[in-house]
Amino acid sequence: MKAYDFLIIGGGIFGLSAAIELAKRKYRVGLLNPDSLPHHLAASTDVSKIVRMEYGTDREYFRMAERSIGRWHEWNELLGEELYHEVGMLMLCRDRWEAARQPFEYSSYQQLQAHGYASEVLDAQALQQRFPAVNSQTYPHAHFNPRAGWVESGRVIEKLAAYGRSLGVEIHEGQTAEGFVIEKNRLQAVKTREGKSYPCGHAIVAAGAHTPYLLPELQPYMKATGHPVFWLKPRAPGLFQVPKLSVFTADIAHTGWYGFPWHPKQGIVKIAKHTDGMALHPDQDDRQITDAEVAEMRDFLAKSFPLLADAPLVYTRRCLYTDTLDGHFWIDQHPLVAGLSVSTGGSGHGMKMGPVLGEMTADMAEGKSHEFSARYRWRELGEKTPQAEEARFVNRKT
Ligand SMILES: Cc1cc2nc3c(=O)[nH]c(=O)nc-3n(C[C@H](O)[C@H](O)[C@H](O)COP(=O)(O)OP(=O)(O)OC[C@H]3O[C@@H](n4cnc5c(N)ncnc54)[C@H](O)[C@@H]3O)c2cc1C
């Protein structure tokens, strides 16, 4: 078998975007993934993911997301389907609209203002008129930014795989990387559980939550954590449809709760939580959602969206973050093995950056630095390392 210049391990958004970028740079690119793409258990495989520039004081993620939003529009054109829906984002605030009270929301607003984005601050009355499903007694203040939305992530993976193939990427479905052939600290080939060996000049491990199991030297710095997702079927969908509802965060830095408007293809409203999550093994541990988690979700809805509080729960899922201890992505070459590198660490917020991740990974693999590369390099992290992603409700904060 002729060796690949680059062999990508994993066909989620980190792997596929890298494969496409490297194929565009005229390399011979292969990609391995178990079963078929999009893989049903992959983090990128879902009906919706939020795309936001709201990152509090974090200017780099703001700029990365800003660039990504521009490119999501281009990808809608390129892929011939509207997969990114720019419906806006509503940040609900339980407290006064002040920096001290709502730091994440207020600094996100300041960042948008500073970059010339027109957004609105809503008081309870304006919120009630514009977004009547929201309980404005619980959230007396809110902020609406029209330059945000959601992306049909699983469908994006499907379309990107087809686009990658059209550029010459050889996607090997049903192949699970299991080991590396290394001679004199240089990678020679990747071996699969299915008994195959793929020679390559360079392998990029983008296996999501499985990455620290393929490369155990990463286990001190990242782990798989499970996070609940709920699909509810509103009895009166009208109030949950755009423009009466957009994607939203509900005092997210203090609660973790966020959600989506009524999904036009699935006919549901999706609610989820961006918090610590539970550490688990991607293959061995049970992913069932507990009754206690459902009760907590119902309690949140009763206070926030009373008309949804007793809506039928039609689907639940525990989806996995590849969670670095600081919440930043991990995109770098292996320090000890030449021809081996890593692109992972989405930590619950990587999908939106898909249109930029590919070039970040390709530049890294070519040994170049990218505008957004320094803080995603191989780094020393410890249990005391604070979580840096400001929207996330966690016990360890900066
Ligand atoms: C509940 C939840 C909600 C989220 N919400 C958002 C959001 O609103 N906005 C946002 O931007 N991000 C969000 N994210 C984060 C985002 O989904 C991830 O950061 C991103 O999808 C990770 O992509 P990935 O390519 O690293 O991993 P995955 O998408 O998991 O892809 C990894 C791929 O590697 C394959 N693989 C695994 N092991 C092997 C192996 N041994 N050999 C070959 N292939 C292998 C898998 O089958 C899979 O296809 C959320 C994540 C979760 C879990």
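Predicted, not measured: the structure shown is a model, and the values here were computed from it.

Colleague: Where do I start with the sheet that holds strand 2 (residues 29–33) in this structure?
Modeller: The strand order 9-2-1-13-21-20 describes an open sheet built from six strands, whose pairing is mixed. The sheet terminates laterally at strand 9 (170–173) and strand 20 (330–333), the two strands that pair on one side only. Pairwise comparison of adjacent strand axes, ignoring direction, gives a mean angle of 20° for this sheet. The sheet contact formed by strand 2 and strand 9 spans four bridges and is parallel. Along strand 9, the bridge assignment pairs Asn-33 with Glu-173. Set on the sheet, helix 9 (residues 354–365) makes contact with strand 1 (6–9), strand 13 (203–205), strand 20 and strand 21 (340–344); between it and strand 20 the angle comes to about 20°.

Colleague: Any chance you could explain the site of the ligand here in plain terms?
Modeller: Neighbouring residues of the ligand: 34 residues in total, closest Asn-33, Ser-44, Ile-50, Cys-319 and Lys-352. Within the side chain of Asn-33, a nitrogen or oxygen atom sits 2.8 Å from an oxygen atom of the ligand. One nitrogen or oxygen atom from the main chain of Met-351 is found 3.1 Å from an oxygen atom belonging to the ligand. Coverage of the ligand by the protein amounts to 96% of the 1000 Å² it exposes when considered alone. Only helix 1 (13–24), strand 2, strand 3 (49–51) and strand 19 (313–324) provide two or more residues apiece to the shell around the ligand. Here the element with the most residues in the shell around the ligand is strand 19; it accounts for three residues.

Colleague: Looking at this structure, how should I read the sheet that holds strand 4 (residues 84–85)?
Modeller: Hydrogen bonds along the backbone pair up the strands of a sheet, which may run parallel or antiparallel. Spatial strand order, 3-8-4: three strands in an open sheet with antiparallel pairing. Pairing within the sheet leaves two strands with one partner each, and these edge strands are strand 3 and strand 4. Here strand 3 runs beside strand 8 (residues 149–151); their pairing, made up of three bridges, is antiparallel. For Lys-49, the partnering residue across the bridge sits in strand 8 and is Val-151.

Colleague: Would you explain helix 9 in this entry?
Modeller: Residues three or four positions apart in an α-helix share a direction because the helix packs 3.6 residues into each turn. Over its twelve residues, helix 9 runs 17 Å from end to end, which matches the ideal 16 Å to within 8%, given 1.5 Å per residue. The buried fraction of helix 9 amounts to twelve of the twelve residues, a majority that puts the element mostly inside the structure. Those residues of helix 9 that are buried lie in contact with strand 1, helix 1, helix 2 (59–78), strand 13, strand 20 and strand 21.

Colleague: Hey, could you run me through the pattern of salt bridges in this one?
Modeller: Note that side chains of opposite charge can pair when their charged atoms are close. By the definition in use, this model includes 33 salt bridges. The partner of Lys-49 in a salt bridge is Asp-46, with the nearest N and O atoms 3.8 Å apart. Connected through salt bridges with shared partners, the residues Glu-81, Glu-152, Arg-155, Glu-158, Lys-159 and Lys-265 form a single ionic network.

Colleague: Is there a simple way to think about the side chain of Thr-275 in this case?
Modeller: You can see Thr-275 is positioned in the loop between strand 17 (269–273) and strand 18 (278–279). Thr-275 sits in the buried class, given a relative accessible area of 13%. Apart from the residues lying within four places of it in its own chain, the contact partners of Thr-275 are His-227, Thr-255, Gly-256, Tyr-321, Arg-392, Phe-393 and Val-394.

Colleague: What is the right way to read helix 8 (residues 291–304) from this model?
Modeller: The first and last C-alpha atoms of helix 8 sit 20 Å apart over 14 residues, in line with the 20 Å expected at 1.5 Å per residue. Taken together, the buried positions of helix 8 are occupied by Glu-293, Val-294, Met-297, Phe-300, Leu-301 and Ser-304. Buried positions in helix 8, seen along its axis, are confined to an arc of 120° and lie on one side of it. Pointing more than 90 degrees away from the buried face of helix 8 are the exposed residues Asp-291 and Ala-292.

Colleague: Even after reading the chapter, I still don't get empty space enclosed by the protein, so can you show me in this structure?
Modeller: Over the atoms rolls a probe the size of a water molecule, and its path tells where empty space is left. A complete count under the given rule lists one cavity of 30 Å³ or more for this structure. Each pocket or cavity is described by its volume, and for the largest cavity that value is around 40 Å³. Lining the largest cavity we find Ser-48, Trp-150, Phe-260, Pro-261, His-263, Ile-268 and Lys-270. Grouping the amino acids of the lining of the largest cavity by side-chain chemistry returns four nonpolar, two polar and one charged.

Colleague: Just checking my understanding: could you explain the environment of Thr-322 for this structure?
Modeller: Take Thr-322: it is sitting in strand 19. Taking the relative accessible area as the measure of exposure, Thr-322 reaches 8% and is therefore buried. Other than its neighbours up to four places away in sequence, Thr-322 contacts Gly-208, Ala-209, Met-222, Lys-223, Thr-344, Gly-345, Gly-346 and Ser-347. Among the polar contacts listed, one links the side chain of Thr-322 to the backbone nitrogen of Ala-209, at a separation of 3.0 Å.

Colleague: Whenever I open this one, the pairing of strand 1 confuses me. Can you help?
Modeller: Regular strands have side chains that alternate between both faces of the sheet. Judged by which residues are buried, strand 1 turns out to be covered on both faces: Phe-6 and Ile-8 on one side and Leu-7 and Ile-9 on the other are all buried. Of the strand pairs in this sheet, strand 1 and strand 2 are connected by four bridges, and their pairing is parallel. Paired with Phe-6 across the bridge in strand 2 is Val-29. For the segment spanning strand 1, helix 1 and strand 2, crossover handedness is right-handed. Pairing geometry for strand 1 and strand 13, over three bridges, is parallel. Paired with Leu-7 across the two strands is Ala-203, which belongs to strand 13.

Thresholds applied
- Residues numbered from 1 in each chain as written.
- Predicted model: local features only at pLDDT ≥ 70, side-chain atom pairs only at ≥ 80, totals over all residues.
- Heavy atoms only, no water.
- Pairing = 2+ DSSP bridges.
- Helix = DSSP H or I, 4+ residues; strand = E, 2+ residues; numbered from the N terminus.
- Axes fitted to C-alpha atoms, helices over the stretch in contact; angles between N-to-C directions.
- Contact = heavy atoms within 4.5 Å.
- Near = heavy atom within 4 Å.
- Polar contact = N/O pair within 3.5 Å; in protein donor to acceptor, adjacent residues only side chain to side chain.
- Areas by Shrake-Rupley, 256 points an atom, 1.4 Å probe, with all protein chains shown as cover.
- Expected span 1.5 Å × (residues − 1).
- Buried < 20%, exposed > 50% of the residue type's maximum accessible area, 1.4 Å probe, protein only.
- Salt bridge = Lys/Arg side-chain N within 4 Å of Asp/Glu carboxyl O.
- Arc of directions from axis to C-beta.
- 1 Å grid on protein atoms, 1.4 Å probe; cavity = no way out; pocket = protein on both sides within 12 Å on 5 of 7 lines; lining within 4 Å.
- Points joined across faces, edges and corners; volume = space filled by probe spheres on them.
- Nonpolar A, V, L, I, M, F, W, Y, C, P; charged D, E, K, R; others polar.
- Right-handed = clockwise from strand over helix to strand, strands pointing away.

Any functional reading would require information beyond the geometric quantities listed.
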